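Residue-level structure breakdown
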Amino acid sequence: MPKVGIVMGSDSDMPVMSKAAEILDQFGIDYEMRIISAHREPDIFFDYAKSAEERGYKVIIAGAGKAAHLPGMCAALFPMPVIGIPMKTSDLGGVDSLYSIVQMPSGIPVATVAINGGANAGILAAKILATGDPELLEKLKAYSEELKNQVVAKDERLQETGWKDY
């Protein structure tokens, strides 16, 4: 049973949303990915968000651009955490999406990552799930250690070769 729902309003969001899926795959977290437009098919969207809890979801990752209503509407209908990913747009560079997602009314929070922040959305979903899963928590600790080791290795290379040969 999927623990995370990944939903986007358009297939043009797939390059960003797939980054969240890649992270969930890396941690062995089951998910379901859907393309559902809150504006063009509201009946399907409402059914998706209202039935997510009974389908086993613990977190929804919702990506949206421009008016970016999808994450907020998920949060209004789904009682557990929703992570919003604002999409970079051609009109305003994604700031429109960011403001739309982050400025939710009191009582309807959406955890919001950076514009096009698919990977961070996946990591945040994993961290939320890890609060009740010690095995997943250990995987996250190992992931953080690997990130640290990558930076240490890059610095060692810089110290050995100098910046001109980096």
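Look above for the structure.
One structure accompanies this document, and this report is about it. Since this is a predicted model, take the numbers as computed values, not measurements.

Looking at the overall build of the chain
The helix and strand inventory of the chain stands at six helices and five strands. When the helices and strands of the chain are listed from N to C terminus, the series reads β-α-β-α-β-α-β-α-β-α-α. Counting only C-alpha atoms and orienting by the principal axes, one finds that the chain spans roughly 60 × 40 × 30 Å. Residues classed as buried in the chain amount to 37% of the 166 residues present. Put simply, of all contacts in the chain between residues at least 6 apart along the chain, 64% involve residues at least 24 apart. About 9,300 Å² of surface is accessible on the chain, with carbon and sulfur atoms providing 54% of the total. Averaged over its 16 positive side-chain charges, the chain has a centre that lies 3 Å from the centre of its 22 negative ones.

Some details on the packing of aromatic side chains
How two aromatic rings sit relative to each other is set out by the distance from centre to centre and by the angle between their planes. For the coordinates displayed, the defined rule picks out three aromatic pairs. Note on F27 and Y143: the rings are 5.4 Å apart at their centroids and 70° apart in plane angle, and the pair reads as edge-to-face. Taken together, the residues F27 in the loop between α1 (14–26) and β2 (31–35) and Y143 in helix α6 (residues 134–161) connect sequence positions 116 residues apart. In terms of burial, F27 and Y143 fall into one category: buried. Ring plane angle 65° and centroid distance 5.9 Å describe the contact between Y48 and Y57, whose orientation is recorded as edge-to-face. Over the face of the ring belonging to Y57 we find R55, whose NZ or CZ atom lies 4.7 Å from the ring centre.

What about the sheet that holds strand β5 (residues 111–112)?
With parallel pairing, the five strands of this open sheet are ordered in space as β2-β1-β3-β4-β5. Both edges of this open sheet fall to β2 and β5, since each of them pairs with a single strand only. In this sheet, strand β3 (residues 59–64) lies alongside strand β1 (residues 4–8) in parallel orientation, the contact comprising five bridges. Looking across to β3, one finds that V7 is bridged to A62. This element, helix α4 (residues 95–102), spans β3, β4 (82–86) and β5 of the sheet and lies at about 160° to β4.

Regarding the pattern of salt bridges
Here the idea is simple: oppositely charged side chains can pair when their charged atoms come close. Using the criterion set out here, one finds four salt bridges in the structure. For D91, the salt bridge is made with K66, and the minimal N-O distance between the two is 2.8 Å. Pair noted here: D91 is in the loop between β4 and α4 and K66 is in the loop between β3 and α3 (70–77), with a separation of 25 residues, a long-range link. Assessed through its relative accessible area of 51%, D91 is described here as exposed. A salt bridge links E145 to K148, with the nearest nitrogen and oxygen atoms 3.3 Å apart. Pair noted here: E145 and K148 are both in helix α6, with a separation of three residues, about one helical turn. Note on K148: relative accessible area 45%, which makes it partly exposed.

Calculation rules
Residues numbered from 1 in each chain as written. Predicted model: local features only at pLDDT ≥ 70, side-chain atom pairs only at ≥ 80, totals over all residues. Heavy atoms only, no water. Helix = DSSP H or I, 4+ residues; strand = E, 2+ residues; numbered from the N terminus. Buried < 20%, exposed > 50% of the residue type's maximum accessible area, 1.4 Å probe, protein only. Contact = heavy atoms within 4.5 Å. Areas by Shrake-Rupley, 256 points an atom, 1.4 Å probe, with all protein chains shown as cover. Lys, Arg positive; Asp, Glu negative; His and termini not counted. Charge placed at Lys NZ, Arg CZ, Asp CG, Glu CD. Phe/Tyr/Trp six-rings, centres within 6.5 Å; stacked < 30°, edge-to-face > 60°. Lys NZ or Arg CZ within 6 Å of the ring centre and 35° of its normal. Pairing = 2+ DSSP bridges. Axes fitted to C-alpha atoms, helices over the stretch in contact; angles between N-to-C directions. Salt bridge = Lys/Arg side-chain N within 4 Å of Asp/Glu carboxyl O.

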